[in-house]
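# Structure at a glance
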Amino acid sequence: MSHDISEENLPESHGDSHGHAVAVHDDPFADPGLPVHEPRRTDIDERAAKRAERQVSLMFVISMLATIGFIASYVIFDIDKIVYIFPLGHVSALNFALGLTLGVALFCIGAGAVHWARTLMSDHEIPAERHPIEADDEVRADVIEQFRTGAAESGFGRRKMIRNTMIGSMALVPLSGVVLLRDLGPMPEQKLNHTGWQVATPQKPLQLINVNTNEPMKPEDVIVGSLTFAKPEGLEEEAEDFQVQIAKDALMLVRIAPDDIKDNESRDKGFEGILAYSKICTHVGCPISLYEQQTHHALCPCHQSTFDLADGARVIFGPAGHPLPQLKITTDEQGFLVATGDFDEPVGPSFWERKR
Amino acid sequence: MSTTSGATSSASKPASTRAKPANKAEAAADWADGRLGIYTLAKSNLRKIFPDHWSFMLGEICLYSFIIIILTGVYLTLFFKPSMAEVVYHGPYTPLDGIRMSEAYASTMDISFEIRGGLLIRQIHHWAALVFVAAMLVHMMRVFFTGAFRKPREINWVFGFLLLVLGMFDGFFGYSLPDDLLSGTGIRFMEGAILAVPIVGTYIQMFLFGGQFPGTDIVPRFFTIHVLLIPGIMLGLLVAHLILVFYHKHTQWAGPGKTEKNVVGMPLMPVYMAKAGGFFFLVFGIISAISAIATINPIWAYGPYRPDQVSTDAQPDWYMGFSEGLIRIMPGWEISVWGGHTLNLGVMVPLAIFPLVLVAIAVYPFIEGWITGDKREHHILDRPRNAPVRTALGAAWISLYLVLLVGGGNDLFATHFHLSLNSITYFVRVGFFVVPVIVFFVTKRWCLGLQRRDKEKVLHGRESGVIKRLPHGEFVEVHTPLAAKDLHTLTAHEQHQPVELAAATDENGVARKAGVLAKTRAKLSEGYFGEGGQIVKPTAEEFREIESGHGHH
Ligand code: FES
């Protein structure tokens, strides 16, 4: 290949530095100065340069074709067309075609420009001087003097009363902005302390509704070793505040052989071994969904707090700080599971005002 | 007003002394110059010099992915409905047919399944956000490990830091907008964290959510923060960041011809323009291709958010993973204070460490500047090995981040590697304290080893691989001496001396007490630059002495 290069284009010599090298002999580590510019193949071989030129153009042409391909894909492919592409699996044909054509169209512009810069534009390194960021002493003195004059003319330092009251007023005025934010939301009041179960009383109990079947439950519907999820009677998905309510009311029911229940208080709150715990994790509020039958452990998928449901939902692992609240349940005249009141303590993540 | 025109032109001539423009483009430039002063602006900038090194591209990736995020973000706002009003879905994605969901989720479904190209733009937006944050982090590492944050660039370091933090949070807000099961879980997490704030937590929660969790206000509010408030601040910071880069001029590596007083490289026009401009398209092209191939955040698979449901591998995007790690490894401490008030340390402590881990990066330039007491400008980069303590601190920080990332993904590690979840958590709890310390010492030693190798190379040359037998029978490897440019490059770095405490008595013999601060500074400085903190670099005398012995050793 090297015979392509015509002799007269070759540089005269290699390796010597330009003039600004420091006298090297007295300091072996001295800066030898900028190295001589080494020509690239495209600098000295016109044919190589031409080839590079064609390569750059080719990339720009590919980009044009890809953009046309993008527009064509937009028109051709139906949005719901799914195709199988190895190794990606089933993907949307439209998304795939649009993304790849766009990717090629953009990439080739970039690759063309970079290739152009690397092969054909000058690669001479040029030194440019830096100037210190700091001003020299004269400018500094001048500016400070000007500032002093200005400050003196304003009388800012002399009229202390004006100065102090101005600072005071400016410090206070942002408070208006803070006050205006007050109407962003209501006061907390007792909202976090109660759930939708609070309307239940021993005279007017609330039925436990199975979340999946939307039916009230009899004790025999709660199978030993499984987790059943429930919501209060009357809470419908269509309700406007459904999300807010379910975020607090959600229950999980477990059935444990009464002898296996280690905590007496917990056993008394349940009904024939059926225990109703809040489904909302006491850590930061994820719903708890994983249950291990043998150990009666419930695990929160968010940060793995683990609660022992046989022992009053005590925390046995993870970052939660207190047990899951338990709802007292019994059955009504027709034999359906009901609650007769609210949880004894707030459900979900703990907060400052939460009494323990 | 115009006195000059009256003085220099006769009535028949145009009122300008300027040479006639050669072509239309010059004429247009003249026109603009008369209004905007573009010639003066361009004078020093058109051929502005930029040094070249692959690592200098990292900042460009940040800039370009930010631009991509804005472009795709504008497109998405045209279709997205930031509302939590409930609708019933009847779109083309049949598994969710008849399901109740918020308009935010439904419109994200539409963008994904009914708007041609919508899915692609959503994916590009999300991928670009991941690239953006990752590139910022790596870019900052580059700046950190090379000491490019030193005077005069400390402020720009802080701007960059703020961009990183804002980028992370804007990513979190954006992630929350589609109101799918995963994003709702993220918001729930945030609610729990806010509630853990002592005294005002419940108030902030009510005000932020417009009532109880989840309410109906949070998505529209996050939307405004995500598309307007934070990007606006970021844009301002970004412009300031770039102006400062222009003003300070770029840093460069030590090498022949490169000094603290110059900058060596290629001019903006045409080389840098072509390379940087081209690079934008490369980044955009690659992100587009990734988005065509790899699905990210498939919200249709998670389903709409309901507070009583959860998907199993609930994971935030990776850049929030370390906060997730903090929260997962923290023991559940909850204490009662002031007559029954609850202090939720289990959530509060991680919440406090999170900013501390970040702020540690922000203040570093000022701490190092204080320890060295160096008031000069620095434009030549340090090789990481030549600043062993700094490099070791950076590595320790990264290791802490990674340990926490493992903590944040403990469930994934458990299922993928069949390990016990609990033991991973215990390991991370210990690792949080131990790993950074180990990494610090290992990295420091490694740097010192590399420094020693450099010194060896300077004094004895490079191993040539040629073995020679001396007349008396000994075998030696021939070392080729280094070229002048390598000798210079390897010895160009500066070495700080530890600051000395002032003498215990002043010149009059009066006892002087060194303050705690001064003592701390001397201690730190000794740790940084004392014995064991660096290898003394070879001197010219040493070099000459060995040279005269013809390299026998
Ligand atoms: S929310 Fe359950 S462990 Fe964090």
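Read on for an overview of the structure. Counting of residues starts from 1 at the beginning of each chain's written sequence and follows it residue by residue. Chains and ligands are labelled by the order in which they are written, letters from A for the one and numbers from 1 for the other. Restriction of local features to residues with pLDDT of at least 70 applies here, the model being predicted, together with a cutoff of 80 or more for giving and counting side-chain atom pairs; totals for whole chains, interfaces and linings are based on all residues. Remark: hydrogens and water are excluded; side-chain values derive from all non-hydrogen atoms of the structure.

The next thing to look at is the interface of chain A and chain B. Any two residues whose heavy atoms approach within 4.5 Å at even a single point are treated as in contact. Each side of the interface is counted separately: chain A has 91 residues, and chain B has 117 residues. It is Phe 29, Arg 130 and Trp 352 of chain A that lose the most area in chain A upon contact with chain B, and together they represent 12% of the buried surface on that side. In the sections that follow, a salt bridge refers to a side-chain nitrogen of Lys or Arg positioned within 4 Å of a carboxyl oxygen of Asp or Glu. Where chain A meets chain B, there are three salt bridges. For the salt bridge of Glu 237 of chain A with Arg 306 of chain B, the shortest nitrogen-to-oxygen distance reads 3.3 Å. Looking at the side of chain A that touches chain B, the elements with two or more residues in it are α2 (46-76), α3 (93-119), β3 (126-129) and α7 (242-249) of chain A. Sort the elements by how many residues they give to the side of chain A that touches chain B and α3 of chain A lands first, with 17 residues. In this classification, the charged set is Asp, Glu, Lys and Arg, the nonpolar set is Ala, Val, Leu, Ile, Met, Phe, Trp, Tyr, Cys and Pro, and all remaining amino acids, among them Gly, are polar. A per-class count over the side of chain A that touches chain B returns 53 nonpolar, 19 polar and 19 charged. We call two strands paired when DSSP finds no fewer than two bridges between them. The helix and strand labels rest on DSSP assignments: H or I over at least four residues marks a helix, E over at least two residues marks a strand, and numbering proceeds from the N terminus. When β3 of chain A meets strand β4 (residues 262-267) of chain B, the two strands line up antiparallel, connected through four bridges. Each bridged residue has a counterpart across the sheet, and for Ile 126 of chain A the counterpart in β4 of chain B is Gly 265 of chain B. Here the quantity called buried area is the accessible surface, traced with a 1.4 Å probe, that two parts lose on coming together, added over both.

All names here are of chain A. Two cysteine sulfurs form what is called a disulfide whenever their separation falls within 2.5 Å. One pass over the full model with this rule turns up one disulfide over all chains. Between the sulfur atoms of Cys 286 and its disulfide partner Cys 302 the distance amounts to 1.9 Å. Its torsion about the S-S bond being -75°, the disulfide of Cys 286 and Cys 302 is classed as left-handed. With a gap of 16 residues between them, Cys 286 in the loop between β7 (274-278) and β8 (290-292) and Cys 302 in the loop between β9 (297-299) and β10 (306-308) connect regions that are remote in the sequence. We call a residue buried when its accessible area falls under 20% of the maximum for its residue type, exposed when it is over 50%, and partly exposed in between, using a 1.4 Å probe and counting protein chains only. You can call Cys 286 buried: its relative accessible area is 2%. Since its relative accessible area comes to 3%, Cys 302 is described here as buried.

Here we come to the packing of aromatic side chains. Paired rings are identified among Phe, Tyr and Trp, the last through its six-membered ring, by centres lying within 6.5 Å, and are further divided according to the angle between planes into stacked (under 30 degrees), edge-to-face (over 60) and tilted (the rest). With the rule as written, the count across this model stands at 33 aromatic pairs over all chains. Look at Phe 50 of chain B and Phe 246 of chain B: their rings are 5.9 Å apart centre to centre, the planes differ by 70°, and that puts the pair in the edge-to-face class. With Phe 50 of chain B in strand β1 (residues 49-50) and Phe 246 of chain B in helix α10 (residues 218-248), the pair connects residues that are 196 residues apart, well separated along the chain. For the ring pair Phe 113 of chain B and Trp 300 of chain B, a centre distance of 5.1 Å and an interplane angle of 75° mean the geometry is edge-to-face. In this pair, Phe 113 of chain B is assigned in helix α5 (residues 103-113) and Trp 300 of chain B in helix α12 (residues 299-302), connecting sequence segments 187 residues apart. The exposure class assigned to Trp 300 of chain B is buried, which follows from its relative accessible area of 17%. Following the ring pairs from residue to residue traces out a cluster consisting of Tyr 64, Phe 279, Phe 280, Phe 281 and Phe 284 of chain B. Both a distance and an angle decide whether a charge sits over a ring: NZ of Lys or CZ of Arg must be within 6 Å of the ring centre and within 35 degrees of the ring normal. The cationic tip of Lys 218 of chain A hangs over the ring face of Phe 336 of chain A; the distance from NZ or CZ to the ring centre is 4.8 Å.

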